[in-house]
Amino acid sequence: WRMLKTPWALAIAGLLLGGFHSGLRASDVSPRANFAIKSWESGLPSSSVIALAQSRDGYLWLGTFDGLARFDGDRFTVFDESEAPGLNSGPVVFLFGDTHGNLWVGTDTQGTKVIKDGQVRSLDIGTRQHEGRLTGAVEATNGDIWLVTANGQLCRYRDGHMDVWGPVAAYCRSLALETNGTLWVATGQELIAMDSTVVVSRQNQ
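Basis of the calculations
Residues numbered from 1 in each chain as written. Predicted model: local features only at pLDDT ≥ 70, side-chain atom pairs only at ≥ 80, totals over all residues. Heavy atoms only, no water. Helix = DSSP H or I, 4+ residues; strand = E, 2+ residues; numbered from the N terminus. Buried < 20%, exposed > 50% of the residue type's maximum accessible area, 1.4 Å probe, protein only. Areas by Shrake-Rupley, 256 points an atom, 1.4 Å probe, with all protein chains shown as cover. Phe/Tyr/Trp six-rings, centres within 6.5 Å; stacked < 30°, edge-to-face > 60°. Lys NZ or Arg CZ within 6 Å of the ring centre and 35° of its normal. Pairing = 2+ DSSP bridges. Axes fitted to C-alpha atoms, helices over the stretch in contact; angles between N-to-C directions. pLDDT = per-residue confidence, 0-100. Contact = heavy atoms within 4.5 Å. Salt bridge = Lys/Arg side-chain N within 4 Å of Asp/Glu carboxyl O. Polar contact = N/O pair within 3.5 Å; in protein donor to acceptor, adjacent residues only side chain to side chain.

Caption draft 1: Just the overall build of the protein, in detail. Regarding its fold elements, the protein presents two helices and 16 strands. The buried share among the 205 residues of the protein stands at 41%. Approximately 11,800 Å² of the protein is accessible, and the part contributed by carbon and sulfur atoms is 49%.

Caption draft 2: Geometry of the packing of aromatic side chains. Considering all chains together, one arrives at four aromatic pairs under this definition. Arranged with centres 5.1 Å apart and planes meeting at 75°, the rings of Trp104 and Tyr157 form a pair that is edge-to-face. Note that Trp104 is positioned in strand E7 (residues 103-107) and Tyr157 in strand E12 (residues 154-158), a separation of 53 residues in sequence. Of the two residues examined, Trp104 and Tyr157, each falls in the buried class. Centroid distance Trp146 to Trp165: 5.8 Å. Interplanar angle 25°. Geometry classified as stacked. Remark: Trp165 occurs in strand E13 (residues 161-165) and Trp146 occurs in strand E11 (residues 145-149); sequence separation between them is 19 residues. Neither Trp146 nor Trp165 differs from the other in exposure class; each is buried. The lysine or arginine in question, Arg70, covers the ring of Tyr59, its NZ or CZ lying 4.0 Å from the ring centre.

Caption draft 3: Representation of the sheet that holds strand E10 (residues 134-139). Strand order across the open sheet formed by four strands is E10-E11-E12-E13, with antiparallel pairing between neighbours. Only two strands of the sheet have a single partner each, and these edge strands are E10 and E13. Each strand axis lies, on average, 20° off the axis of its neighbour in the sheet, ignoring direction. Both E12 and E13 contribute to a ladder of five bridges, which runs antiparallel. The residue of E13 that forms the bridge with Tyr157 is Met162.

Caption draft 4: Main features of the confidence of the model for the protein. Mean pLDDT over the protein stands at 84; residues scoring 70 or higher make up 81%. No element of the protein has a lower mean pLDDT than helix H1 (residues 7-18), at 42, and none a higher one than strand E6 (residues 92-97), at 98. Note on residues 2-22: pLDDT is under 50 here. Beyond four places in sequence and across chains, it has 30 contacts.

Caption draft 5: The arrangement of the pattern of salt bridges in detail. Within the structure shown, the criterion is met by two salt bridges. Between Asp144 and Arg158 there is a salt bridge whose closest N-O contact spans 2.7 Å. Of this pair, Asp144 sits in the loop between E10 and E11 while Arg158 sits in strand E12; the two residues are 14 residues apart in sequence, bridging distant segments of the chain.

Caption draft 6: Structural context of the environment of Glu190. Tracing the chain through its elements places Glu190 in the loop between strand E15 (182-187) and strand E16 (191-195). Residue Glu190 is classed as buried on the basis of its relative accessible area of 14%. The sequence separation of Glu190 and Cys172 amounts to 18 residues, and the corresponding C-alpha distance is 9.4 Å.

Caption draft 7: The environment of Leu62, seen in detail. Along the chain, the position of Leu62 falls in strand E3 (residues 60-64). For Leu62, a relative accessible area of 8% gives the class buried. Excluding its chain neighbours within four sequence positions, the residues that come into contact with Leu62 are Leu44, Val49, Ala51, Leu52, Gly67, Leu68, Ala69, Phe71, Phe76 and Leu95.

Caption draft 8: Main features of the environment of Thr197. Positionally, Thr197 belongs in helix H2 (residues 196-201). Judged by its relative accessible area of 54%, Thr197 is exposed. In the structure, Thr197 is positioned 14 residues away from Leu183 in sequence and 9.8 Å away in space, judged by C-alpha atoms. A distance of 2.6 Å separates polar atoms of two side chains, one belonging to Thr197 and the other to Asp195.

Caption draft 9: Structural detail: the sheet that holds strand E4 (residues 67-71). The strand order across the open sheet built from four strands is E2-E3-E4-E5, with neighbouring strands paired in antiparallel fashion. Of all the strands in the sheet, just strand E2 (49-54) and strand E5 (76-79) have a single pairing partner and so form its edges. Across the sheet, the mean angle from the axis of one strand to that of its neighbour is 25°, orientation sign disregarded.

Structure (structure tokens):
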């Protein structure tokens, strides 16, 4: 594992894990461009959206301070205990949709859930506390799902089985995966690079 703490490395981490900001100005848009803007003011369990993901079937999922909602382009459906047993109305802080049709749901204090075909399953990773919440997820080209929790657990989901390593760091904030198999974990102070094949080989150590 390599730990990079130099300013340029952290700058790269910000671009890699935090997204790119185009800095588009109003003057950069053609005056002939027409944009239709529509807003929805009701239907969400909370007005504060803190997580967002799109599932393979096209639905948009939103995590709020008061639970999870699904948007079909016209209206919101709130997913609580009545709609999805096993999922309460607490804060949903992380969402990720994979190509297998799974929606990975990181709650603030109720652990990590995975939803598929309307069924909610709890995962035994992290902790049911704020320090153990899910903070990152990526999908490899072979279909493996890599997850990281705030308290440093690195997890791989393959064919219904979860492998767990770590802790890899004290406080993990995000996760990225290169096509060459390098996993990047961003913490509050450093960027950690790990060869995923080496991580797997250390499973029994």
